[in-house]
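# Observations on chain architecture
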Amino acid sequence: MLDLSMGPNPLWMLEDLAQDLDLRPGMRILDLGSGKGATSVFLAREYGARVVAADLWIAPEDAAAVFADAGVGDQVEAVRADAHALPFGEESFDAIVSVDAFEYFGTADNYLPYLVRFLRPGGQLAMATPAMTRDARELGAIPSHIKDVVGWEAIAWHTAEWWRFQWAITELVEVTSARLQQDAWQDWLLWTQACAEHQPDGQSANQPVIDMLTADGGEFLSFALVTARKN
């Protein structure tokens, strides 16, 4: 799992997120921002889904090798795709899932209306994304222990209720859950400590995040888990 890491504890988050979904064998699922493919393997293995793994930064042939090694090469298709220019037909998917990626492309007011075009009526949308317990705009600043590590990036780490409103106001979906993951910062810290211990140059790369999470202690940092159905 650490070899496939491009963000904190993706399968712990997806396992939690999936509790708010109704995923069934044979569904066609878009894994948006799939990274090196861990979440796509999970969706194929655990739910018997047919998965399209879409990512801008990972070469499809590299992702396909991961899927073949995991024994799901016949269930998962790797595609290089920009989240704002998806190469799929409208109403192509029964579900769209995004883990630890939505903060990079999905915060604009017009993004949800674009994305739901690719869902069939009644299709499910789900994402897990870094979150704050209070929005930076409400605080008036990014807390210094967070800003020192991630800089301006934290302005996209909204609260779960921000996401609920952002999606619901479009009336294109019914938001079925919007919550902060329980003890998310502790899972994040445990994962980062494992990366520090086991990855090449792991200590130097991960120590700033460990220090940030330790200083925060769950006061501001979390993950938002949000699900919806297309109207």
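Higher on the page you've got the structure.
In this report, the structure presented in the accompanying data block is examined.

About the thresholds
Residues numbered from 1 in each chain as written. Predicted model: local features only at pLDDT ≥ 70, side-chain atom pairs only at ≥ 80, totals over all residues. Heavy atoms only, no water. Buried < 20%, exposed > 50% of the residue type's maximum accessible area, 1.4 Å probe, protein only. Helix = DSSP H or I, 4+ residues; strand = E, 2+ residues; numbered from the N terminus. Pairing = 2+ DSSP bridges. Salt bridge = Lys/Arg side-chain N within 4 Å of Asp/Glu carboxyl O. 1 Å grid on protein atoms, 1.4 Å probe; cavity = no way out; pocket = protein on both sides within 12 Å on 5 of 7 lines; lining within 4 Å. Points joined across faces, edges and corners; volume = space filled by probe spheres on them. Nonpolar A, V, L, I, M, F, W, Y, C, P; charged D, E, K, R; others polar. Axes fitted to C-alpha atoms, helices over the stretch in contact; angles between N-to-C directions. Parallel < 35°, antiparallel > 145°, perpendicular 65-115°, else oblique. Left-handed = near helix turned anticlockwise from the far one by under 90°. Contact = heavy atoms within 4.5 Å.

Among the seven residues that make up strand β4 (residues 93–99), six are buried, leaving the element largely enclosed by the rest of the structure. Here three bridges tie strand β1 (residues 28–32) to β4, and the two strands are oriented parallel to one another. Note that in β4 the partner of I29 across the bridge is A95. Where β4 and strand β5 (residues 119–132) come together, six bridges link them in parallel fashion. Paired with S98 across the bridge in β5 is M127.

Time to look at the pattern of salt bridges. When the charged atoms of two side chains with opposite charge come close together, those side chains can pair. Tallied over the entire structure, the rule returns eight salt bridges. Among the ionic pairs, D22 bridges to R24, the shortest N-O distance being 2.9 Å. Residue R137 pairs with D135 through a salt bridge whose shortest N-O separation is 3.3 Å. Overall, R137 belongs to the exposed group, its relative accessible area being 55%. Residue D135 is classed as buried on the basis of its relative accessible area of 8%. Within this structure, D16, D20 and R179 form a network of salt bridges that share partners.

Taken as a whole, the largest pocket spans an internal volume of roughly 890 Å³. Looking at the largest pocket, it is lined by 41 residues, and the ones nearest its centre are M6, G7, D100, E103 and Y104. Elements with a contribution of two residues or more to the lining of the largest pocket: α2 (38–47), β2 (50–55), α4 (102–105), α9 (184–198) and α10 (202–216). Top contributing element to the lining of the largest pocket by residue count: α9, with four residues. Taken together, the residues of the lining of the largest pocket break down into 24 nonpolar, eleven polar and six charged. Reported here for the second largest pocket is a volume of approximately 160 Å³.

The next point concerns the packing of α9 against α10. One way to put it is that α9 packs onto α10 with a least axis distance of 8 Å and a crossing angle of 160 degrees. On the basis of their axis angle, the class for α9 and α10 is roughly antiparallel. The hand of the α9/α10 crossing is left-handed. On α10, the residues touching W185, W188, L189, T192, Q193, C195 and A196 of α9 are G202, Q203, N206, V209, I210, M212, L213 and T214. The residue makeup of the contact of α9 with α10, split by class, is nine nonpolar, six polar and no charged.

This brings us to the packing of helix α1 (residues 10–18) against α2. Where α1 contacts α2, the two axes come as close as 10 Å, and the packing angle between them is 45 degrees. Classified by the angle between their axes, α1 and α2 sit oblique to one another. Of the two elements, α1 crosses α2, and the hand of that crossing is right-handed. Seen from α1, the contacting residues are P10, L11, L14, E15 and A18; seen from α2, they are A38, T39, F42, L43 and Y47. Of the residues contributing to the contact of α1 with α2, the split by class is eight nonpolar, one polar and one charged.

Counting through the fold element by element, T39 comes out in helix α2. The contact partners of T39, leaving out residues within four places of it in the chain, are P10, L11, L14, D31, S34 and V99.

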